[in-house]
Each structure stands twice: as C-alpha cells, then as structure tokens.
Amino acid sequence: MKNLSRNQPLLGTCVEIDISAEVAEHEIIALSNLAFGEIRRIQALMSFHDPESELSRINREAHLHPVEISDDMEFVLQFARLLSDLTKGAYDISVVPELMAQGGLPALYEPHAQTGNWRDIRLSKGRVFFSRELKIDLGGIAKGYAVDAAFEILAVAMPDLDKLVINAGGDLRMQQWHGETVQIRSPDPRTRGEFSKVDMLAPAMATSAPHYAGNASLIVNRQAGCLEKSGDSISVFAPSCMIADTLTKAVFLYDAPASILARFGASGLRLTQGGDEMRVAA
Amino acid sequence: MNYKSENSGINRRFLLRGGAGLLFAGLLFRPKVVWAKEYLTPDQARKLIWGDKAFAAHPVTLTKPQMKSIKKASKTRVRNKKLNAFKSAENDWFLLDQVVGKHEFIDIGVGIDGLGKVKGIEILEYRETYGYEIANPKWRAQFTGRDSSEHLKLDKQVKNISGATLSCRHITDAINRLTHTWDQVLKPL
C-alpha cells in the first residue's frame, strides 16, 4: 500500500490530503495533484479577495444585469439561498458590509448602505441577478464545497482507495468514516492547543468558533445587528462538507437549529470554553 | 546532497533558540510541542514540484542591505540571513524556509522558476507549540492516561483535527518574502 500525505496553503488555510491506495507512486502523486487542482479551481471561482474570480465579477455586475455563472457557483448559491430561506434569513451570505467594517474581509468595495439581502439573489437558467445592489461572500460555504469537489473527483478517478481524508483547516471529509475519531480544538484561546476526541458521525464534519482566530472567523448576526459573541465552538457532522460548513453558522445564528440539522441528516456538537460537550438538540 | 541534514540544521537552530528562551522564562513558562505532523522530506517536496530535474545546493547569505530591502518590498520581517536554496541548470530554484507564527512553526518548500513565478508550495512539517500550563481540569481529563506536558506526535495520537479555520496568512507572507528575495537577490545568480 502506498500512502501520501500532503499539505498546501489554499482556501486561506492549510489543506491536507491523505491518500492510501494499492497503486504505483506516480499514480498516487497524480491523484493528489488532481485533488489539489480541483481545490485551486474552486478557489479561483469563489475567492472574495481575488478580483479575477467569478465571485468578484458577480459582486461588480450582478445588480446591473444577469451574470452567467458556472455550475459550481449555481449549486453553491442555490444551497445558500435555500438555507437562508429555511433559517428565515439568519444565515445570509450578503453580510459583506458588516464583515468589511469589522475587518473580516478586505475593504474591496466602497462602504455602502446596503438595503438588499439574500432575498435579492435571483437564480435562473445558469445566471444570477441581484434585484438590489448587493455584495456576497462565500467564506462560510466555499471551503466545504471545495473539499467535496476534490473528494468526489478522486472517488470517480479511483473508486477503491484504501483511505482518503481531505481536511481544509478543520472542514474535513473521509471515505471510511465509520469507527474513526476526530479531535476538536478547544474554543478557548487560552487552551487552544487542547483537543476533545469525538467519534466521527458522518462522512464530513466542520467546526466554527467566532472567537477562535480573530477576524478570520467572524460570524455576523445581521438580525441582531451585531457579531456573534459566543465563546463556544459548533461542530456539525453531515453527509457533505459543504452542508457541515454552512450548518455550523446556522446553528450559531438560528434559534431552532435542530430542525435544520435534521432536515439535512446532520448532527451538531457544541463545545464550551469550559470543556463541556453538548449535543445540539431541539 | 543530503537534504535531510540541511533541514534538521534549521530545526536545531530553532530549538536552540527556544531552549535559551526557556532558561530565561523559568518554570512558569514551559513551551511544549502540542502536536506535529511530518508530511514530506525536502527531497520529496522538490520532486513533487520539479519532478526529476537535477538541482544542486546553492546556499546564499543575504547582506544587511538586502535583508532591509526585501523587508521593505515584502512588508515582511526577514528572520534568517541564510537561504537554504537549490538551483537547477535552467535557473529554477527550490527554497526551504521556516514560517513562524504565534504558535505554529511550519517548514515549507517553495519552487520558483526562472521568471520568478511560484511553481509550487509544499508544507514539509507543521508543529504547534504552546507556552502555558493547561489549567482547565476538564480539558486535561480528555488526555486520559497521558501527561499533557509530554510531546504529542500527531500521527499516533492526535489526528483528524477540526476547529475553526487556521489562517495561512503567515505562509502567504513567507511566499511574498521569497518572491521578493528571488527578484532582488536570486534572479541574477
């Protein structure tokens, strides 16, 4: 069996790919290259920071005219819109003015009094149109989607891998997840180096903690008009990494998270700064 | 050329510096490696970036004005005047570098081609180090049967880590510093 473990700085974090397969060395390298290439492709589409990305073009033009978008973008925007609908707007990818004001995103756009929200994102026949001026950020969804995309491209290229784990800074997906464990970091900055070991409950999981890494993980609660202030972390186990990634935010922001988790076949775990583990339940 | 020994040279220097700090800080401040994971040897990283192309060691020592100028251009501190560099006949470079964050120490290998374009970045080893005593009994209890002060190796005991996203800003800064180093120092070599 050949094992290969690589780690590259992508998606604003460190992306780790572990592969084991009964193949020649050059083949396992080619598989890892394929996965990193797919992650780079998604990054090039969905980066807020890159003025050349598809997302940046949408942010510049979609309030002026319908913008043709990739299948990947359409899928991600459809899911974001569905989750906004289900959470009555608690989850909203249009919180860019708040994130720019707080330093969570670079101030690429003029500060604007944005009146639009997720309801103004109109999707139709491979195009997106904003019915009011709007800027969107995919920071809480694209990483999970990129992990899924890379995972699925490898699953097609080599269906009988002995092991496959893709971990994008804590948003992770595994091929053989039954009986596996995962180590969740303490959400307390003072004990950041400590881990809580829990069983893997689904193929994918992700963790968010608003207080964890300074501005990088701000969660905006637009309805309350403030930043999420909880010192806890939320981990979500889900069938896909995109679902896990987005639902961590929905659990923080929506007051009935258990119903949302159940709808997507997901489950949630809250870790408090004191080290308590609590299932997210109704 | 023995790449491994070059690399462990970096680590030793780093550990020696950390050791000196330890003596001064005394017993209240005990840095420890919380976890570490080795991904690739320098040799493996070079092959992933450059294939079988032949490289020879080409160590470079930066002068003080060069360090100052690179710092100004990249807006990033230049910690080490010695560049652990390898060069091909076609003027391609492979650079070994260490990225130092608040808690993380990351060894990276970077390929830069003859036009100054980054050809590839591989993380060779990732370590996280913390300098506090773990005060919270509940977090301690999760390390059942294990002394929290012992050095943990990720591959055996701490794997599949999740937590809110770690930033790779320090790596991005290091790549920026290295491309400016190429532009100002390596390009004419």
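This text follows the structure it describes.
Predicted model only: the values in this text are computed from it and were never measured.

### Overview of the side chain of D148(A)
Residues and elements named next belong to chain A. Mapping D148 onto the fold places it in helix α5 (residues 142-157). Residue classification places D148 among the buried positions, given a relative accessible area of 5%. A distance of 3.5 Å separates a polar atom in the side chain of D148 from a polar atom in the side chain of S240. D148 has contacts with R173, S240, C241 and M242, leaving out every residue within four places of it along the chain.

### A few points about the packing of aromatic side chains
Residue and element names in this part refer to chain A. One pass over the structure, following the stated rule, counts five aromatic pairs over all chains. Geometrically, the ring pair formed by F48 and Y109 is edge-to-face, given 5.8 Å between the ring centres and 70 degrees between the ring planes. In this pair, F48 sits in the loop between α1 (25-46) and α2 (54-61) while Y109 sits in the loop between α4 (96-102) and β4 (121-124), placing the two residues 61 residues apart along the sequence. Of the two residues, F48 and Y109, both sit in the buried class. Both rings, one in F75 and one in Y145, keep their centres 5.8 Å apart while their planes meet at 40 degrees; by these two values the pair is tilted. Remark: Y145 occurs in helix α5 and F75 occurs in helix α3 (residues 71-86); sequence separation between them is 70 residues. Residue class for F75 comes out partly exposed when judged on its relative accessible area of 44%.

### Some thoughts on the pairing of strand β7 (residues 118-130) of chain B
Residues and elements named next belong to chain B. The element β7 is extensively covered by neighbouring structure, given that eleven of its 13 residues are classed as buried. Pairing analysis gives nine bridges linking strand β6 (residues 104-112) to β7, with the strands arranged antiparallel. When the bridges of β7 are listed, G109 appears paired with E122. The turn linking β6 back onto β7 is made up of five residues, and G116 within it adopts a positive phi angle of 85 degrees.

Definitions and cut-offs
- Residues numbered from 1 in each chain as written.
- Chains lettered and ligands numbered in written order.
- Predicted model: local features only at pLDDT ≥ 70, side-chain atom pairs only at ≥ 80, totals over all residues.
- Heavy atoms only, no water.
- Helix = DSSP H or I, 4+ residues; strand = E, 2+ residues; numbered from the N terminus.
- Buried < 20%, exposed > 50% of the residue type's maximum accessible area, 1.4 Å probe, protein only.
- Polar contact = N/O pair within 3.5 Å; in protein donor to acceptor, adjacent residues only side chain to side chain.
- Contact = heavy atoms within 4.5 Å.
- Phe/Tyr/Trp six-rings, centres within 6.5 Å; stacked < 30°, edge-to-face > 60°.
- Pairing = 2+ DSSP bridges.

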